[in-house]
Amino acid sequence: MTDTPQRTRPLRVLAAMSGGVDSAVAAARAAEAGHDVTGVHLALSANPQSFRTGARGCCTIEDSRDARRAADVIGIPFYVWDLADRFREDVVEDFVAEYEAGRTPNPCLRCNEKIKFAALLDKALALGFDAVCTGHYAKVILREDGTRELHRASDMAKDQSYVLGVLDDRQLAHAMFPLGDTVTTKEEIRAEAERRGLAVAKKPDSHDICFIADGDTQGFLANRLGRAEGDIVDESGTKLGTHEGAYGFTIGQRKGLRIGTPAPDGKPRYVLDISPVTNTVTVGPAASLDVGALTAVKPRWCGAAPTGPGTYTAQLRAHGGETEVTAELVDGELRVRFTEPVRGVAPGQAIVLYDGTRVVGSATIASTVRVTADVA
């Protein structure tokens, strides 16, 4: 098997350049490999000044200028594409709707699915490009039968395959990740950028959510959804306090509960359940967060869908570890059982299944089964 970027014939490649160091180095490597590369920066906001600046490397005017300068140094054509409407509809509005429904979304994963490998790829193919190149740390492996597989990056510390688990086989056929085989520190990537004369070499990494300018997710949601006072209760239904909007909480949250009454055992309480219908937040001990099974919907497979039950490892968060599971597709839903209980699993999150380093696919968690309640 070979990694896709090592194809023998030069390709017409559209390099998505966010303005950060990773995408700049990826574009430079694609050009150095002999491909015909064009850089593009995605304008994702009708008002880029409202996006977080400084350490973003994503969506601001500052970032678009950094991307243009990098393209000039690499010596490739560069364009800015306006995808603000698609981004607002598919990512921002989805983010708000998911929180309103009591779920915990992952906007970066949705952006990869709907923007970078749907809207961007479709437009690229329509213009005659062969592949879209990004700075993600993951690998596309070309098998001898011509099919492709998505695998974890060579360096697990930088692996980003979790947020790419939404890609299907058609999208993988046109994806290029030049950094996937890199087993180096981020400092060495920065050193490479500096050797190439890229001014983004010292630019800080992006963090948090790009479309929430001040990083205050709860304040952003309050402005969109309004404040709505509700009850905070324990597992028995006893009222412990109030809140200004159930959307401001996530499963497993410990801080910011503002409950005056301590637990009988003196131990911390955590968010166990969020009910948007009654606007109620239920809290309880850490042990009540243990989940033994879950059901996930809207599965997307990086290749053929698995048949019958199977044993896999699963990742539940972008920077989370792996856990062993058995999983089976039943009537279009993914039924998952954990070998050992896991803690703090929230509806709305993505579960990504792996077979070794290969990404099998992903699905959106719809419901969970707590160990204390239903699993022996």
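Quantities reported herein were computed from a predicted structural model and do not represent experimental measurements.

## Some points on the nonpolar core
Now for step 1: Counting 47 residues, the largest nonpolar core has F87, F95, L150, F177 and F211 as its most contacted members.
Now for step 2: Of all the secondary-structure elements, those providing two or more residues to this core are β2 (12–16), β3 (36–43), α3 (84–100), α4 (107–126), β6 (138–142), α7 (217–225) and β17 (350–355).
Now for step 3: Tallying contributions element by element places α4 first for this core, with eight residues.
Now for step 4: There are two domains that each give this core at least three residues, and those are domain 1 (5–215) and domain 3 (288–375).
Now for step 5: By size, the runner-up hydrophobic cluster in this structure holds 26 residues, among which are L11, V13, M17 and I76.

## Some points on the sheet that holds strand β11 (residues 270–275)
Now for step 1: Strand order in the open sheet made by the four strands is β10-β9-β12-β11, with mixed pairing throughout. Single-partner strands in this sheet number two, and they are β10 (239–243) and β11. Strand-to-strand, the axes of this sheet are offset by a mean angle of 25 degrees, without reference to chain direction.
Now for step 2: Sheet topology note: the β11/strand β12 (residues 280–284) ladder contains five bridges and is antiparallel. From the neighbouring strand, Y270 faces β12, where its bridge partner is G284.

## Overview of the UniProt feature "domain: tRNA-specific 2-thiouridylase MnmA-like central" (unreviewed entry) in the protein
Now for step 1: Per the UniProt annotation, the sites labelled "domain: tRNA-specific 2-thiouridylase MnmA-like central" (unreviewed entry) are residues 219–284.
Now for step 2: Overall, residues 219–284 shows 11% helix and 30% strand. The separation of its end C-alpha atoms is 25 Å.

## Re the side chain of S23
Now for step 1: Tracing the backbone shows S23 in helix α1 (residues 21–32).
Now for step 2: The class of S23 is buried, set by a relative accessible area of 8%.
Now for step 3: Within the structure, the side chain of S23 is placed 3.4 Å from the backbone oxygen of G20, a separation counted as a polar contact.

## Considering helix α6 (residues 186–195)
One full turn of an α-helix is made of 3.6 residues, so residues set three or four places apart face in the same direction.
Now for step 1: Within α6 the residues assigned to the buried category are K186, I189, R190, E192 and A193. Angular distribution of buried residues about the axis of α6 spans 155 degrees; they occupy a single face of the element. Seen from the open side of α6, the exposed residues pointing more than 90 degrees away from its buried face are E187 and R195.
Now for step 2: As for α6, its buried residues are in contact with α1.
Now for step 3: In the stretch just after α6, G197 is the one whose phi turns positive, near 80 degrees.

## Observations concerning the pairing of β12
Now for step 1: Of all five residues in β12, five are buried; the element is thus mostly enclosed.
Now for step 2: Neither face of β12 is open: one carries T280, T282 and G284, the other V281 and V283, and all of them are buried.
Now for step 3: One ladder, built from two bridges, connects strand β9 (residues 230–233) with β12; its direction is parallel. By the bridge assignment for β12, V233 is matched with T282.

## Some points on the pattern of salt bridges
Now for step 1: According to the stated counting rule, one finds 28 salt bridges in the structure shown.
Now for step 2: A salt bridge links K203 to D66, with the shortest nitrogen-to-oxygen separation between them at 2.7 Å. In this pair, K203 is assigned in the loop between α6 and α7 and D66 in helix α2 (residues 61–74), connecting sequence segments 137 residues apart.
Now for step 3: By relative accessible area, K203 is classed as buried at 8%.
Now for step 4: A salt bridge links E322 to R152; the nearest nitrogen and oxygen atoms lie 3.2 Å apart. Taken together, the residues span a long stretch of sequence, with E322 in strand β15 (residues 322–330) and R152 in strand β7 (residues 148–152) at a distance of 170 residues.

## A closer look at the sheet that holds β2
Now for step 1: If you trace the five strands from one edge of the open sheet to the other, you get β4-β3-β2-β5-β8, paired in parallel fashion. Whereas interior strands pair on both sides, the edge strands pair on one side only; in this sheet they are β4 (78–82) and β8 (175–176).
Now for step 2: Alignment of β3 against β4, held across five bridges, turns out to be parallel. Looking across to β4, one finds that G39 is bridged to F78.
Now for step 3: This element, α2, spans β3 and β4 of the sheet and lies at about 150 degrees to β4.

## Some thoughts on the UniProt feature "site: Interaction with tRNA" (unreviewed entry) in the protein
Now for step 1: Sites flagged by UniProt as "site: Interaction with tRNA" (unreviewed entry) map to H136 and Q349.
Now for step 2: Setting aside residues up to four positions removed in sequence, H136 forms contacts with N112, K116, Q160, V163, L164, F177, L179 and G180.
Now for step 3: Within the structure, H136 has its side chain in polar contact with the side chain of T134 (distance 2.7 Å).
Now for step 4: Looking at the element boundaries, Q349 is found in the loop between β16 (333–343) and β17.
Now for step 5: Excluding its chain neighbours within four sequence positions, the residues that come into contact with Q349 are T104, L316, R317, G344, A363, T364 and I365.

Rules of the game
- Residues numbered from 1 in each chain as written.
- Predicted model: local features only at pLDDT ≥ 70, side-chain atom pairs only at ≥ 80, totals over all residues.
- Heavy atoms only, no water.
- Core = buried A, V, L, I, M, F, W, Y, C linked by side-chain atoms within 4.5 Å.
- Buried < 20%, exposed > 50% of the residue type's maximum accessible area, 1.4 Å probe, protein only.
- Helix = DSSP H or I, 4+ residues; strand = E, 2+ residues; numbered from the N terminus.
- Domains from an automatic or database assignment.
- Pairing = 2+ DSSP bridges.
- Axes fitted to C-alpha atoms, helices over the stretch in contact; angles between N-to-C directions.
- UniProt positions renumbered as here; feature names shortened; annotations may be inferred.
- Polar contact = N/O pair within 3.5 Å; in protein donor to acceptor, adjacent residues only side chain to side chain.
- Arc of directions from axis to C-beta.
- Contact = heavy atoms within 4.5 Å.
- Salt bridge = Lys/Arg side-chain N within 4 Å of Asp/Glu carboxyl O.

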